[in-house]
Each structure stands twice: as structure tokens, then as C-alpha cells.
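Next come the chains, spelled out residue by residue.
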Amino acid sequence: MLDLSTWQAKTVFTALAVLIGFFLFFPVYWLVISSVKPDHELYLLSPTIWPNEFTLKHFKTALFEGGLPLHLTNSLIVSLSSAAINATLAVYAGYSFAKYRYFGRKPVMLFMLSAQMFPFGLLLITIYPMFTDWGLLDSRFGLMVSYIVFALPVATYMLYSYFSQVPNELIEAARADGASDLRIFHTIVLPISVPPIVTVFLYSFMWSWNDLLYSLTLIVSDDKRTVGPGLLLNYLNESNADWGGAMAASLMAAAPVVIGFMALQRFFIQGVTAGAVK
Amino acid sequence: MANLKIAGLCKDYGPVEVLKNIDLDIKDGEFVVFVGPSGCGKSTLLRMICGLDEVTSGALAIGDQIVNDVPSSKRGIAMVFQSYALYPHMSVAKNMGYALRLAGEDASEIDRRVKAAAEILKIDHLLDRKPRQLSGGQRQRVAIGRAIVREPEVFLFDEPLSNLDAALRVDMRMEFARLKKRLGTTMIYVTHDQVEAMTLADKIVVMNAGRVEQVGAPIELYHAPMNRFVAEFIGSPRMNILPAGLVADAPAGADTVGLRPEQLVLGEAGLRGKVLTTERLGSDTFAYVEIDGLERPLVVRKGGDEALASGLDVTVGWGADALYAFDAEGRALQVAPLKAAS
């Protein structure tokens, strides 16, 4: 526990909190006010901290004239599917690593985790020709597969750490009660593992939702494009920079993650801190 | 109800021999306590009876059936774990009925058996609660209830009271004694607490380093230990052990002799020493007497009202039949007469 009994400590702590808060929240504030400023106010030499005029024009344009709804839909499909598949695979893999002893268990786990050692950009160079050969280039399924490849090792490790802490006696009690291994997993272990599974789901979802590099490279058709590259190519391309549109569209693109995170926050925090203290 | 027979049972974990050639007969309806120091193999033996650990060699029979390869749920046993192992997301009623649901019993039968077990354990008002809403003692009762509803032939208890505070442990000990009388089922109970062993058991199995040291009724083990280990393990405070050379009336061939604290008398002719310290517990006073040539002080039990000053010079004597003698291998040479029988 922090000891803030002296005024010096309180002052330093408050100043640090304000500074960190400023760096965290000022960009968000700037995003929000820029999205409601009219064009002429966005390009002033002395920018206004509080808008002189408010407009919803950028939101209307983004929603009804650009490809944002389509890109958001694509992102939702890819991110939700990859997060669901990733969480499902990680749950079984993590449980197997944590609770069963078999030949090759540790090497397989290390091999899985080693995928994280390579820079994502480097792996893209190998994934690109593979996807070309397999016909997965420019497909939402291919993009989903690439996200699972990267999120699965960490997700598996997170769930492995959690399942390792599930008391063996609980599993043995269910076994003595007559439950099969799969039944024990589904009726005893899974119901008490909702927080870490939600954590893994959110982690995978955010990984996919926030991606730019893979989506920009592996998807070439505009109708399959996800929201990250969509924003970049529609609003901030070589010949044009529509900052107002970009801000309004970004705000709408961030909304699903923010809403999802707020709704599942309780599980997320529990999942991250699970097992930290007895 | 069923008897249980163990013959030549061994358990190895790789090169480590955890249980070495265990032979044991447990009769129908008997309450048997496995007792021994940590790591002696008592919990492993219980887990093998339960079917949670595989048998390396030997035979394990419940009733007339060899159950070495029979799954746990088909052995007719129910186990109560040290940590209770209650399913945290299920209500008390669901916890207790889980095994019956898996066995395909119909809902009304499950309900009847859960309610009957809950009444026996006085937890019928807790059936809708989740384990986290219960106290330690209540959780313990639910864990026992979960075992009772299965109507097993053998109950297994793995240090069930070790997570409870001292007062609750005494209450639950009485509860176990009541259950034993009421159910009359074969019960096997593992503990390292000899008070639990002495008060609950029909028969105690003393284990050490993967072997059975002695099997017998509690009072028999107390008065007639077969070796030094059992003599020291059973009884609190533990038996005083002295080199035979210090004791004039030690029998021939004795390497060490043993004297229980309650058999020693201060002020009688015997060994000379000095009171090191005393512990006054109200009901008893324990005097620690330093004797020349002895590594550990002798413990002497006195009445609760008897105070002794530290540093006091005393003599320590004992009665003619108080002496236990052991050879160089620790085997009992001269077993004191069974007081319970006399």
C-alpha cells in the first residue's frame, strides 16, 4: 500500500497522476472535439481547445457516404470469430497443459510460445506466400486464421497459468463422484473459469480489432477491408487528409471495444488478477 | 457396508518407494484411522483405496472384489477431502446431489437423499447457499453430506478437520463419533493428530516411511507399542526416551528405555536433575527436568495446581511396571502390561 501520509508525498503523487492522466486522456479529448469541429476550425494556425462551433457533419458523412459501416461489419465478423475460436482452442490447450502429464507436453508448450519471439512484420513475409498458395489471401477467413496464430500462444499461456491454480482436489472429487474427464472440465472447471476466459476473449478481440498491418497486407478488396485500414485509406491517403472525418470515424470504430470492455470489465479485472493473492 | 483387504500393496513414484508392502484387514463397519508423520504415505494409501492413485503392485479388495483397476466411482466409496473440494459455483443441494445426477438417479430420489443427509448433518437450512456463503464448519458438513448421499460402502476421510480452528475441531470430532454410531458404515480416516486418532478409532494403523508400524486398538497401542516409533508417536507429550545405561532397572539387552510423562514421579528415588522450566496448562503442569547425560529434558506430568520453581534440584522416579525397553533396532523388548485389560 502506498504511504501518502506526508504532504510532499501527496503532492508528488497527485502531480504524477495528473501528468499520466493528461497523456492518457488528452488524445481522446482531442479526438472527440475534432470530430465535432467544422472543417475551417480544424485547420486554424492556433487550434481551439474548445470548439467555437459544433457540427455532426463528419459523423453523417462517415456513416452514410464512406465505407465505415461495411468496414465495421467486417471487423466485427473477423474479430468476434477469431476471438471465439481463439478462446475455445486456448481453453482446451491450456487445460491439457495444466492438468495432464504426457510425453512432449513441455516441448509442445515451448514451441507454441516461441511463435511470440518473432516480430509480427517478419512473420508476415512468410505468411503472405503461404496464404497465396492456399488461396487464403484477400479473404476474411484467412485474416481470421492469421489473428488466431498470433493470439493463441499468449491466450493458451494465460489460461494454462489459471488452470494450474485450479485445485486438483476439485477435479479428483468430481472424478470420485463419477464424472468423466470431459464432464469434469465442462461442468466443474469451465463454470468457475469465466473471468479468465472472458479476459482471453477480450485480449484476442482487441488484437484483431486494433490490427492494421496484417489487414492492410492480406486484404486487398475494399468490400473485405476491416476498420483499421479502412480509416487509413479512406481518410488519410496520399492525396487527401480529412481529419474531421477520420476523427468521427475513429470514434465510432473505438466504440465497440469501449462498450465491450466496460460491459465485461468486472470479468477482465478478475481474470487478470486471478491467483495473484490467496 | 463392506470389509476391505489390502495385500502386499506397493506404490512407487519413479525410483521413490512411497508405500512398501502394506497388508491390512479392515472389517465391516470398523472406524480405522491411519496416523503417522507427514510424508509417511497415509494419504497416498487413502488415495489408492479411493482410486485416485494407481496401485504399483499388490491387491486391494473392497467386499469380495479386487478393485485395483476399478474406477473410483464404481468402488462404492465416497471421500471427504482435506480442503472439502466443494464445487464453488453450485449450491449446497447441487453439490450434494452431483454424484447422484451423474449416476442418472431421478430428481425426486436425489431430493429425498439430499434432504435426508442434510437433516442428519443439520444443514437443511443451508441447501440453497453457495459454498462461499458458509463457515468452515458448515463447509465441512456439506463435504460429509456429499459423501453420505451416495450411501457408500466405505467412507474415506483425508484429514477432514485440519482446516478448522481448535474449538470447531472438538465439535466436529464429536460429530464424527455421532456419525460413526448412526451410519455404522466402514470408515477410514487419515490424520496426523493423535487425539483424533485415539478418540475416534476402533483401530489405529500407525505408519512410518511407507510401512505399517503397528495396527491395534488405541489403548493397546498406547500401552503396548511394538517399537520405539509407535511408543514415541502415540501419547502426548511424547514418551521420554533414555539410554538404558542411565537406568538401573533396565532389562538385559535393552538399548533404550521409555517412560511416559504421567508415569514419572518427582521426589522419588531415581535420576537426579534440575527443573529447567514448567508449563502450566490449568489441568496439568508439565515439568521439564534436565538430567546429566540426556540430550532432551525429561517431561514429567503433574497436577494442574502444582507449581515448581525453575532451577530446583529434584529426583525423578517411576513405578516398577512403568518401564518400556527397546533393543538397538528400536523393537520393544518388554511390553508393559495392558492397563485397559487389567
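Residues numbered from 1 in each chain as written. Chains lettered and ligands numbered in written order. Predicted model: local features only at pLDDT ≥ 70, side-chain atom pairs only at ≥ 80, totals over all residues. Heavy atoms only, no water.

For the rest of this paragraph, the subject is the pattern of salt bridges. Residue and element names in this part refer to chain B. Applying the stated rule across the entire model yields 24 salt bridges over all chains. Here Lys5 makes a salt bridge to Asp25, at a shortest N to O gap of 3.2 Å. Taken as a pair, Lys5 in strand β1 (residues 4–13) and Asp25 in strand β2 (residues 16–26) lie far apart in primary sequence, 20 residues in all. According to the relative accessible area criterion, Lys5 is partly exposed, its value standing at 45%. Residue Asp25 is classed as partly exposed on the basis of its relative accessible area of 42%. The salt bridge partner of Arg112 is Glu109, with a shortest N-O separation of 2.9 Å. (Salt bridge = Lys/Arg side-chain N within 4 Å of Asp/Glu carboxyl O. Helix = DSSP H or I, 4+ residues; strand = E, 2+ residues; numbered from the N terminus. Buried < 20%, exposed > 50% of the residue type's maximum accessible area, 1.4 Å probe, protein only.)

Assigned domains of chain B: these are domain 1 (4–223) and domain 2 (238–334). Here the C-alpha centroids of domain 1 of chain B and domain 2 of chain B sit 38 Å apart. (Domains from an automatic or database assignment.)

A contiguous nonpolar patch, built from A:Val12, A:Leu16, A:Leu19, A:Ile20, A:Phe22, A:Phe23, A:Leu24, A:Phe25, A:Val28 and A:Val32 and spanning about 1,000 Å² of accessible area, is present on the exposed surface. The topology assignment puts A:Phe25 in helix α1 (residues 7–35). (Patch = residues over 30% accessible without salt bridge, like charges linked within 9 Å, V, L, I, M, F, W, Y side chains within 5 Å. Areas by Shrake-Rupley, 256 points an atom, 1.4 Å probe, with all protein chains shown as cover.)

Attention now goes to the environment of B:Asn95. Residues and elements named next belong to chain B. Its location among the elements puts Asn95 in helix α2 (residues 92–102). A relative accessible area of 0% places Asn95 in the buried class. In this structure, the C-alpha to C-alpha distance between Asn95 and Gly184, residues 89 residues apart in sequence, is 24 Å. Ignoring anything within four residues of it in the chain, the contact list for Asn95 reads Leu86, Tyr87, Met90, Pro131 and Arg146. (Contact = heavy atoms within 4.5 Å.)

Turning next to the interface of chain A and chain B. Taken together, the contact between chain A and chain B spans 15 residues of the former and 20 residues of the latter. Carbon and sulfur atoms make up 60% of the area that chain A and chain B hide from each other, which totals about 1,500 Å². Of all residues in chain A, A:Glu169, A:Ala176 and A:Asp177 give up the largest surface area on contact with chain B, accounting jointly for 40% of the area buried on that side. For the interface between chain A and chain B, the tally reads two salt bridges. B:Arg47 is the partner of A:Glu172 in a salt bridge, and the nearest nitrogen-oxygen pair spans 2.5 Å. The tally of links from chain A across to chain B stands at nine residue pairs in polar contact (both at pLDDT 80 or more). Counting only elements with at least two residues in the side of chain A that touches chain B, the list comes to α8 (168–176) and α9 (181–189) of chain A. With seven residues, α8(A) is the largest single contributor of residues to the side of chain A that touches chain B. Its residues assigned to classes, the side of chain A that touches chain B comprises eight nonpolar, two polar and five charged. (Buried area = accessible area lost by both parts, 1.4 Å probe. Polar contact = N/O pair within 3.5 Å; in protein donor to acceptor, adjacent residues only side chain to side chain. Nonpolar A, V, L, I, M, F, W, Y, C, P; charged D, E, K, R; others polar.)

As a further point, take the side chain of B:Asp53. All names here are of chain B. Within the secondary structure, Asp53 is located in the loop between α1 (42–50) and β4 (57–62). Within the structure, the side chain of Asp53 is placed 2.9 Å from the side chain of Tyr13, a separation counted as a polar contact. In terms of polar contacts, Asp53 uses its side chain to reach the side chain of Arg47, at 3.1 Å.

Moving on: the domain arrangement of chain A. Residue and element names in this part refer to chain A. The domain architecture assigned to chain A consists of domain 1 (7–55) and domain 2 (60–273). For domain 1 versus domain 2, the separation of C-alpha centres amounts to 31 Å. Between domain 1 and domain 2, the residue contacts involve six residues of the former and eight residues of the latter. Summed over both partners, the interface of domain 1 with domain 2 comes to about 580 Å²; 76% of that surface belongs to carbon and sulfur atoms. Of all residues in domain 1, Leu31, Ser35 and Tyr43 give up the largest surface area on contact with domain 2, accounting jointly for 68% of the area buried on that side. At the junction of domain 1 with domain 2, the criterion picks out zero salt bridges. Our enumeration of links across domain 1 and domain 2 arrives at one residue pair in polar contact (both at pLDDT 80 or more). Per-element accounting of the side of domain 1 that touches domain 2 gives the leading share, four residues, to α1. Looking at the side of domain 1 that touches domain 2 residue by residue, the classes come out as four nonpolar, two polar and no charged.

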